[in-house]
Amino acid sequence: MSGEGPELVFGLVGACGTDLRDIGDRIERELRRVSYSATRIRLSDSLLGCFRFAALRRAPPWPEDERLTELMDAGDALRRAANRGDAVALLGIRDIALKRTQIARAAGDRSDKVPTLARHAHIIHSLKTPDEISTLRDVYGSAFFAIAVYLPKGARVKRLAKRIRDTRDILRSEGYEEEARRLIDRDEKEDGDEFGQSVRDAFPECDVFLDASDDDALTRQIARFVDILFSHPFRTPTQEEYGLFHARAAALRSADLSRQVGAVIANTDGDILVAGCNEVPKFGGGAVWEGSDAGPPSDIRDFHLGFDSSARMKKEILEEIFGRLKDAGWLSERLQGQSVEQMFDAALFHKDGAILKGTRAASIIEFGRIVHAEMSAITSAARLGVSVRGATLYCTTFPCHMCARHIVAAGLSTVVYVEPYPKSMAGELYEGVINVDHSAAPCSETVNFRPFVGVAPRRYLEFFDMVRRKDALGRAVKWDPDRANPRVMQSATFRDTETAFEAELSMNKHAWGIEEPSPENEEEP
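Analysis parameters
- Residues numbered from 1 in each chain as written.
- Predicted model: local features only at pLDDT ≥ 70, side-chain atom pairs only at ≥ 80, totals over all residues.
- Heavy atoms only, no water.
- UniProt positions renumbered as here; feature names shortened; annotations may be inferred.
- Disulfide = S-S within 2.5 Å.
- Helix = DSSP H or I, 4+ residues; strand = E, 2+ residues; numbered from the N terminus.
- Expected span 1.5 Å × (residues − 1).
- Buried < 20%, exposed > 50% of the residue type's maximum accessible area, 1.4 Å probe, protein only.
- Arc of directions from axis to C-beta.
- Contact = heavy atoms within 4.5 Å.
- Domains from an automatic or database assignment.
- Core = buried A, V, L, I, M, F, W, Y, C linked by side-chain atoms within 4.5 Å.

The protein chain has the name Cytidine deaminase in an unreviewed UniProt entry, where Neoroseomonas marina is given as its organism. Recorded in UniProt for the protein chain, the comment headed Sequence similarities (unreviewed entry) runs: "Belongs to the cytidine and deoxycytidylate deaminase family."

Below, the structure is given as structure tokens:
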């Protein structure tokens, strides 16, 4: 066994109903294969350890729907009290430091500053917001790995409903699906609450993506990830990883005011045929390039105009509706005295009552000037005379419903995506023509939309950069998992950053309700 290996941190991200305990067990087994020990950090236990949530501590049985609801409430409450989306992750950082000290003391170390643990990992489950992932990256750098675990919604509903039934009423064989869906929807995204659950937004920020829908495949995926992480010289990218990396590279070309989206189309051998990004089209075909098309009149990108045409049109449409309602006397007396501009601002941006935020009326996408990345790739293929029939489209974001119809019409067979896009109505509008979220078995008569599995583009270069593959005599080296070290360098200052977050947590422990207020602070919430 190689003696020194950096301390690693794995953060699990999975939607409600996913068995993350099993994922943690599997990762721990694979880490033992490379001579790494592991500890588990359960953020739900960390929350229950807070003074303000002491009332939630109870002996089993605890009905699963009540348990999850109360833990979600607790997480929201802590984030709100701290006024930061990463508040629960700070508990995890504190607990990692405590575990490190406990392990060192058990080994006889009595030093004031406990050294890092050689060949040891911490597995955190589970992370619920992008801010949590960002903070853990800030602290542990490249030694932190956010792992997204996908399971089809139908399977999660079934699993969670069974769990609720088992903890409530063993005589009731069914009927808990509604409760399960409510919890799953809340966990996915609490619209209108900046400190609510947001797994949907956390998911695409991950470093590695696993698919838990097939048990044997999941085992292979985790084993491969550990091989890659521990410098296996002959683990190379899959077609999916290669395709999504190039899609991400294409996305970086976009100067759109809202987001960067990239897409590539590859044939069955994985060869990239065309690429596209979300950008304004130019005369003669294609999209505007930096440099060769710089400046008006050739460069007519939105930032030169100074506004997003889609956002402007949305404002005009809603103000037109408010104006018609006002003129017809359909509004309350309070609203009748407001201008349409005031009503628009209140409906979309009011801190406590943005009633139209997240609605379809506020999510129109039809009036943007850009060509969407998927359409850009498809039209490039048409312009260049390249057939895409039967090919696969790799896209950084789930296609919108407008792109979906072009994907079907172009004859593409498969779409692989990373980031969800809740505005898309592709599944509803093209049911029977496209298969989304494993709603049915992959079929040659539908375009199959499936989530990406593998190493995310953000870690592609780091994980697949070449390591030593032959010895001095030109013989291929043999990878020894017992002696392998990770491909990461541990930051020399991560303990200082970790300590700084611990200090902030300690300083606010009474105000945030982590510890019981002292007598002089009894007035604190």
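Draft legend 1. Representation of the state of the cysteines within the structure. With the rule as written, the count across this model stands at zero disulfides. Cysteine Cys 16 remains unbridged, with the sulfur of Cys 206 as its closest cysteine sulfur at 16 Å. Not part of a disulfide, Cys 400 finds its nearest cysteine sulfur in Cys 403, a span of 3.7 Å.

Draft legend 2. Here's a closer look at helix α19 (residues 494-507). Spanning 14 residues, α19 covers 20 Å between terminal C-alpha atoms, matching the ideal 20 Å at 1.5 Å per step. Every buried residue belonging to α19 is among Phe 494, Arg 495, Glu 498, Phe 501 and Leu 505, and all of these are buried. Seen along its axis, α19 keeps its buried residues to an arc of 125°; they face one direction. Along its buried surface, α19 packs onto α4 (87-106) and α5 (130-140).

Draft legend 3. Representation of the domain arrangement of the protein chain within the structure. Parsing the protein chain into structural domains produces domain 1 (7-233 + 467-508), domain 2 (241-295 + 368-452) and domain 3 (309-362). Domain 2 and domain 3 are separated by 33 Å when their C-alpha centres are compared.

Draft legend 4. Quick peek at the nonpolar core. By size, the foremost hydrophobic cluster in this structure holds 52 residues, and its most contacted members are Leu 78 and Tyr 140. Ranked by the residues each element gives to this core, the list is headed by α4, at seven residues. Built from parts of two domains, this core gets at least three residues from each of domain 1 (7-233 + 467-508) and domain 2 (241-295 + 368-452). Setting aside residues no more than four positions away along its own chain, Tyr 140 makes contact with Val 9, Ile 93, Ile 96, Phe 494 and Glu 498. One finds Leu 12, Leu 31, Phe 230 and Phe 464 within the second-largest nonpolar core, a separate group that totals 31 residues.

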